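Fold and geometry: a report
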Amino acid sequence: ELKVEQNPLFLSMQEGKNYTIYCNYSTTSDRLYWYRQDPGKSLESLFVLLSNGAVKQEGRLMASLDTKARLSTLHITAAVHDLSATYFCAVDIGGNQFYFGTGTSLTVIP
Amino acid sequence: DTAVSQTPKYLVTQMGNDKSIKCEQNLGHDTMYWYKQDSKKFLKIMFSYNNKELIINETVPNRFSPKSPDKAHLNLHINSLELGDSAVYFCASRRGTGQGRWGKQFFGPGTRLTVL
C-alpha cells in the first residue's frame, strides 16, 4: 500500500526562524503537490512539482522534489504568524489518483 | 464568483438515511474529485471522474456513489449512512487534459457531515 509520510506532524516555531517539512512517499512518482489548509477551511494549492529537481518558491515558502529519494521538502524562511496552518503534500501516481500525506500542523509563535 | 461550490455546507442526519452532496465547478475543468477528511484531518481520495472514466478508490464502500449530470457537476450520494461516515467531504476539480492536465486542483469549501 502506498504510504505518504510527513514529518514533523506538529511544528511550533518562533517568528523569524527557518524550518523544513519533509514528505516521503513509497512509490514511483514525479508529480507532487503541496497544499495549505487553515482551520475549518478548505485546501489551497501552494506548489505543483512535476519533475525531479523541481524547485518552486513563493514568498517565504520553497518546495523541492527529489524523485529518486522519493522526497519532497517544504522550506519555511523567516516564519511569520500568517503561515500558521496545516500543510499537506500529495503524490500523484497517475490515473487521477492522489495520495495525501498525514499533514503538518504549523504554529508560528510571536 | 466561486470556482468550486458545494451544498450543503453542513449536513446532520440520522443513521440509515440516504443523503446527497452537490458539487459544481465553473472553471471549465474536465476532471472532478471527491475527498473525505476525517476527524484527524487525514485526507483520502474517494472518486475521480472525467467524462470518460470513473475511478473508484477500492476502499470506498459501495454505499457511496458519484453522479455526474454534466461536466460541471459531480454529486455524491450516500446510502444507509453510518456513524463512521461523519467527516468533511471536499469536492475538487482540475483541468485534467492537455497542457493543464498535471495542474493544481481547486477545492470546494467542504461539507461537514454528521451522522447521529
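Quick summary incoming for the structure in this document. (Residues numbered from 1 in each chain as written. Chains lettered and ligands numbered in written order. Predicted model: local features only at pLDDT ≥ 70, side-chain atom pairs only at ≥ 80, totals over all residues. Heavy atoms only, no water.)

Another aspect to go through is the interface of chain B and chain A. With 20 residues of chain B at the contact, the number on the chain A side is 18 residues. When chain B packs against chain A, the two sides together hide about 1800 Å² of surface, and 55% of this comes from carbon and sulfur. Counting the contacts that link chain B with chain A gives one salt bridge. Residue Asp-92 of chain A is joined to Arg-94 of chain B by a salt bridge in which the shortest nitrogen-to-oxygen separation is 3.6 Å. Between chain B and chain A we count four residue pairs in polar contact (both at pLDDT 80 or more) in total. Among the elements of the structure, β4 (31-37), β5 (43-49) and β9 (87-94) of chain B are those that each provide at least two residues to the side of chain B that touches chain A. For the side of chain B that touches chain A, the element with the most residues is β4 of chain B, which contributes four residues. In terms of residue class, the side of chain B that touches chain A is made up of 10 nonpolar, seven polar and three charged. (Contact = heavy atoms within 4.5 Å. Buried area = accessible area lost by both parts, 1.4 Å probe. Salt bridge = Lys/Arg side-chain N within 4 Å of Asp/Glu carboxyl O. Polar contact = N/O pair within 3.5 Å; in protein donor to acceptor, adjacent residues only side chain to side chain. Helix = DSSP H or I, 4+ residues; strand = E, 2+ residues; numbered from the N terminus. Nonpolar A, V, L, I, M, F, W, Y, C, P; charged D, E, K, R; others polar.)

Residues and elements named next belong to chain B. Two strands pair when backbone bridges link them, and strand β7 (residues 64-70) and strand β8 (residues 73-78) are joined in this way by five bridges, in the antiparallel orientation. Residue pairing across strands places Lys-67 opposite Asn-75, the latter belonging to β8. Counting the residues in the hairpin turn of β7 and β8 gives two residues. (Pairing = 2+ DSSP bridges.)

A few words on the packing of aromatic side chains. Here the structure, examined in full by the defined rule, presents 11 aromatic pairs over all chains. Judged by centre distance (6.3 Å) and plane angle (75 degrees), the rings of Phe-88 of chain A and Phe-100 of chain A are edge-to-face. On the criterion of sequence distance, the pair formed by Phe-88 of chain A in strand β9 (residues 85-94) and Phe-100 of chain A in strand β10 (residues 97-100) is long-range, its members being 12 residues apart. Each member of the pair, Phe-88 of chain A as well as Phe-100 of chain A, carries the same accessibility label: buried. Relative to Tyr-35 of chain B, the ring of Phe-100 of chain A has its centre 5.4 Å away and its plane inclined at 85 degrees; by these criteria the two rings are edge-to-face. Residue Phe-100 of chain A is found in strand β10, and its partner Tyr-35 of chain B is found in strand β4; the two belong to separate chains. Here Phe-100 of chain A matches Tyr-35 of chain B in class, with each residue buried. An aromatic cluster of three or more residues is present, and its members are Tyr-33, Tyr-35, Phe-88, Phe-98 and Phe-100 of chain A together with Tyr-33, Tyr-35, Phe-90 and Phe-107 of chain B. (Phe/Tyr/Trp six-rings, centres within 6.5 Å; stacked < 30°, edge-to-face > 60°. Buried < 20%, exposed > 50% of the residue type's maximum accessible area, 1.4 Å probe, protein only.)

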